[in-house]
Amino acid sequence: MNYFNGDWAGKGKFTSGKDIESDLSFVPDLEGQCIVVRQKERPPNTFEFVALWSMDSISKDVVMLLASNHDSGARIFRSHGWQGGTIVFQSVPELRALWALERFTFERQSTTTFHATYEFSRDNGKTWQVGDRQTFTKQPSH
């Protein structure tokens with residue numbers, strides 16, 4: 001997961017065609033046992049989240065505990081880790097958004113760029129609708 005360490009700036013589109021820009025930071029913590037992830041959309045958009053990525057010691061899955069603004073509450077996501085150049089986090093039924101299952105897909109493009117796609121499913125995972133897609137570029141270290 002060291003690939004993500006640092007600050008990233010993203011640009012993309014909602015499925016409505018509206019533009020979206022956001023900032024993502026990935027900071028290792030607890031002697032490398034987790035990564036603290038912060039995402040904040042740039043105005044006029046206002047969504048933001050804080051997440052903790054860590055390893056399930058039994059299944060070895062990557063787990064993401066995510067809390068966000070807009071009264072969205074906490075959600076848990078699981079991933080089987082990197083599959084080629086892609087890592088997918090899908091919400092678990094036990095702790096998910098009230099209105100849908102959610103999925104985040106990160107696709108590594110190079111050492112300094114990745115694509116991120118946010119999707120949701122209102123039919124318990126039978127079909128998925130894209131919410132937004134962004135391309136993130138690594139920012140220079142401060």
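An account of the accompanying structure is given in this report. What you see is a predicted model, and the numbers here were worked out from it, not measured in a lab.

Rules of the game
- Residues numbered from 1 in each chain as written.
- Predicted model: local features only at pLDDT ≥ 70, side-chain atom pairs only at ≥ 80, totals over all residues.
- Heavy atoms only, no water.
- Core = buried A, V, L, I, M, F, W, Y, C linked by side-chain atoms within 4.5 Å.
- Buried < 20%, exposed > 50% of the residue type's maximum accessible area, 1.4 Å probe, protein only.
- Helix = DSSP H or I, 4+ residues; strand = E, 2+ residues; numbered from the N terminus.
- Contact = heavy atoms within 4.5 Å.
- Phe/Tyr/Trp six-rings, centres within 6.5 Å; stacked < 30°, edge-to-face > 60°.
- Salt bridge = Lys/Arg side-chain N within 4 Å of Asp/Glu carboxyl O.

Counting residues in each nonpolar core, the largest one holds 24 residues, and the members touching the most others are F26, W53, F89, F104, F106 and F114. For this core, the elements supplying multiple residues, two or more each, are strand 2 (19-29), strand 3 (34-41), strand 4 (48-55), strand 5 (62-68), strand 7 (86-91), strand 8 (101-108) and strand 9 (113-121). Considering each element in turn, this core owes the most residues, 4 residues, to strand 9. Once residues within four sequence positions are removed from consideration, F114 is found in contact with Y3, F4, W8, L24, F26, F106, E107, R108, Q109, Q134, T135 and F136.

Summed over the entire model, instances satisfying the criterion amount to 22 aromatic pairs. With a centroid separation of 6.5 Å and 75° between ring planes, the pair formed by F26 and F114 is classed as edge-to-face. Here the residue F26 occupies a position in strand 2, and F114 occupies one in strand 9, the gap between them amounting to 88 residues. Ring centres 5.7 Å apart and planes at 65° place the aromatic pair W53 and F106 in the edge-to-face group. Here W53 is found in strand 4, whereas its partner F106 is found in strand 8, with 53 residues between them in sequence.

Take the pattern of salt bridges next. Summed over all chains, the structure comprises 7 salt bridges. Between D23 and R42 there is a salt bridge whose closest N-O contact spans 2.6 Å. Placement of the pair is D23 in strand 2 and R42 in the loop between strand 3 and strand 4, with a sequence separation of 19 residues. Among the salt bridges present, the one from R78 reaches D56, with a minimum N-O distance of 2.8 Å. You can see R78 sitting in strand 6 (residues 73-79) and its partner D56 sitting in the loop between strand 4 and strand 5, a full 22 residues away along the chain. The class for R78 is partly exposed, based on a relative accessible area of 33%.

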